[in-house]
Amino acid sequence: MRITRTVAETRAALRGAENVGLVPTMGAYHAGHLSLFRAAREECETVVASLFVNPAQFGEDGDLARYPRDEAHDAGLAEEHGVDLLFAPAADELYPPGYETWVEVEEASRRLEGEHRPGHFRGVATICLKLFNIVRPRRAYFGQKDAQQVEVLRRMIRDLNLELELRVLPTVRDPDGLALSSRNALLTPEERRRALALPRALATKDPARAQTLLDGLDVDYIEVAPFDPPALVAAIRIGSTRLIDNVPLDQGDPQ
Ligand code: AMP
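Residues numbered from 1 in each chain as written. Predicted model: local features only at pLDDT ≥ 70, side-chain atom pairs only at ≥ 80, totals over all residues. Heavy atoms only, no water.

Sorry if this is basic, but what is going on with the sheet that holds strand S6 (residues 165-169) here?
Hydrogen bonding along the main chain pairs the strands of a sheet, whether they run parallel or antiparallel. Pairing within the open sheet is parallel, and its six strands lie in the order S1-S4-S3-S2-S5-S6. At either margin of the open sheet sits one strand with a lone partner, and together these are strand S1 (2-4) and S6. Adjacent strand axes in the sheet meet at a mean angle of 25°, parallel and antiparallel pairs treated alike. Summarising the sheet, strand S2 (residues 20-25) and strand S5 (residues 139-143) pair through two bridges and their orientation is parallel. Across the sheet, the residue bridging to Leu-22 is Ala-140, located in S5. (Pairing = 2+ DSSP bridges. Helix = DSSP H or I, 4+ residues; strand = E, 2+ residues; numbered from the N terminus. Axes fitted to C-alpha atoms, helices over the stretch in contact; angles between N-to-C directions.)

Structural data, given as structure tokens:
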């Protein structure tokens, strides 16, 4: 596996490559990321992962500083799971001094996560468009775990006529139901136990029952979102950690 740090190096390494799959990540790999690498490996000739903790999608609350980072460990896992090229730039490679261009996906970014994390999806859309332009993938791989992110990116791809396929892979969970997330590492054992109410509530696929199961917790939102497919989505705060999760709803589920 090759590791690149600059846009120029990455473009040179990929010159002439066809059928490229891109997995954008912020590192701290767990089985959710690995499932995306695996899918890309099966469907693409060249698999690129980006490893970049994107400052533009974080707020001012210290979340960026707390974000877990271990590049050497991540690089080992990426290589083991068939990644050909890991693009791991420094922040000023992608946001050099004077940077001032942003992508706003207006409506899809406003509600839910957008309401609680102002500017978050502007950062996500901008970094993804930059990565798509640098890597030129035929397919890009994302997790259902971040359902609103998928909606925002789908809208951007359509609105800006980008020529790539968005592939969405199911949420990978621990055996107790908690969706894998880099942020789970920040939970104490007691907080982790309380966090299990979130997957239990979502598993009902019923907003009213879910709400009841989350009683007593600090809930940012729990509701059915009109995504494709519709999903019961929720965000809660446990101590200083914020967790999001969702379940896609089928026809026949209460909506
Ligand atoms: P992140 O590194 O957190 O930005 O995540 C990179 C990609 O992995 C995103 O497309 C996420 O939606 C996806 N992802 C994160 N957690 C999971 C999970 N538990 N199952 C499946 N995909 C996930």
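Where do I start with the nonpolar core in this structure?
As a rule of thumb, soluble globular proteins bury nonpolar side chains together. Residues Leu-94, Cys-128, Phe-132, Phe-142 and Met-156 are the most contacted members of the largest nonpolar core, which totals 31 residues. Of all the secondary-structure elements, those providing two or more residues to this core are helix H1 (7-14), S2, strand S4 (85-87), helix H8 (120-135), S5 and helix H9 (147-159). Sort the elements by how many residues they give to this core and H8 lands first, with ten residues. Apart from residues no more than four positions distant in its own chain, Cys-128 is found in contact with Phe-142, Leu-153 and Met-156. (Core = buried A, V, L, I, M, F, W, Y, C linked by side-chain atoms within 4.5 Å. Buried < 20%, exposed > 50% of the residue type's maximum accessible area, 1.4 Å probe, protein only. Contact = heavy atoms within 4.5 Å.)

Got a minute to help me understand the state of the cysteines in this structure?
Evaluation of the coordinates by the stated rule reveals zero disulfides. Cysteine Cys-44 remains unbridged, with the sulfur of Cys-128 as its closest cysteine sulfur at 16 Å. On the accessibility criterion, Cys-44 (6% relative accessible area) is buried. The exposure class assigned to Cys-128 is buried, which follows from its relative accessible area of 5%. (Disulfide = S-S within 2.5 Å.)

Please explain the site of the ligand as it appears in this structure.
As a structural note, the neighbourhood of the ligand is formed by 18 residues, with Met-26, His-33, Asp-146, Val-172 and Leu-180 the closest of them. Take His-33: an N or O atom from its side chain is 2.9 Å from an oxygen atom of the ligand. Within the backbone of Val-172, a nitrogen or oxygen atom sits 2.8 Å from a nitrogen atom of the ligand. Put simply, the parts of the chain that give the shell around the ligand at least two residues each are S2, helix H2 (31-43) and S5. (Near = heavy atom within 4 Å. Polar contact = N/O pair within 3.5 Å; in protein donor to acceptor, adjacent residues only side chain to side chain.)

Can you walk me through the environment of Cys-44 in this structure?
Examined against the element boundaries, Cys-44 turns out to sit in the loop between H2 and strand S3 (46-51). In this structure, the C-alpha to C-alpha distance between Cys-44 and Ala-208, residues 164 residues apart in sequence, is 42 Å. Excluding residues within four positions of it along the chain, Cys-44 makes contact with Asn-19, Val-20, Gly-21, Arg-139 and Tyr-141.

Where do I start with the pattern of salt bridges in this structure?
Where charged atoms of side chains with opposite charge meet at close range, the side chains can pair. Per the counting criterion, the structure on display carries 21 salt bridges. Measuring nitrogen to oxygen at the nearest pair gives 2.5 Å for the salt bridge that ties Arg-167 to Glu-43. Of this pair, Arg-167 sits in strand S6 while Glu-43 sits in helix H2, and the two are 124 residues apart along the sequence. Since its relative accessible area comes to 22%, Arg-167 is described here as partly exposed. With its nearest N and O atoms 2.8 Å apart, the salt bridge here joins Arg-155 to Asp-159. In this pair, Arg-155 and Asp-159 both sit in helix H9, four residues apart, roughly one turn of the helix. Residue class for Arg-155 comes out partly exposed when judged on its relative accessible area of 34%. For Asp-159, a relative accessible area of 43% puts it in the partly exposed group. One network of salt bridges, in which partners are shared, links Glu-43, Arg-139, Glu-165 and Arg-167. (Salt bridge = Lys/Arg side-chain N within 4 Å of Asp/Glu carboxyl O.)

Is there a simple way to think about the sheet that holds strand S9 (residues 241-248) in this case?
What the three strands build is an open sheet, ordered S7-S8-S9; its pairing is antiparallel. Each of the sheet's edge strands pairs with one partner strand only, and the pair in question is strand S7 (218-225) and S9. On average, each strand axis in the sheet is inclined to that of its neighbour by 10°, with strand direction left out of account. Note: strand S8 (residues 231-238) against S9, eight bridges, orientation antiparallel. By the bridge assignment for S9, Ile-238 is matched with Thr-241.

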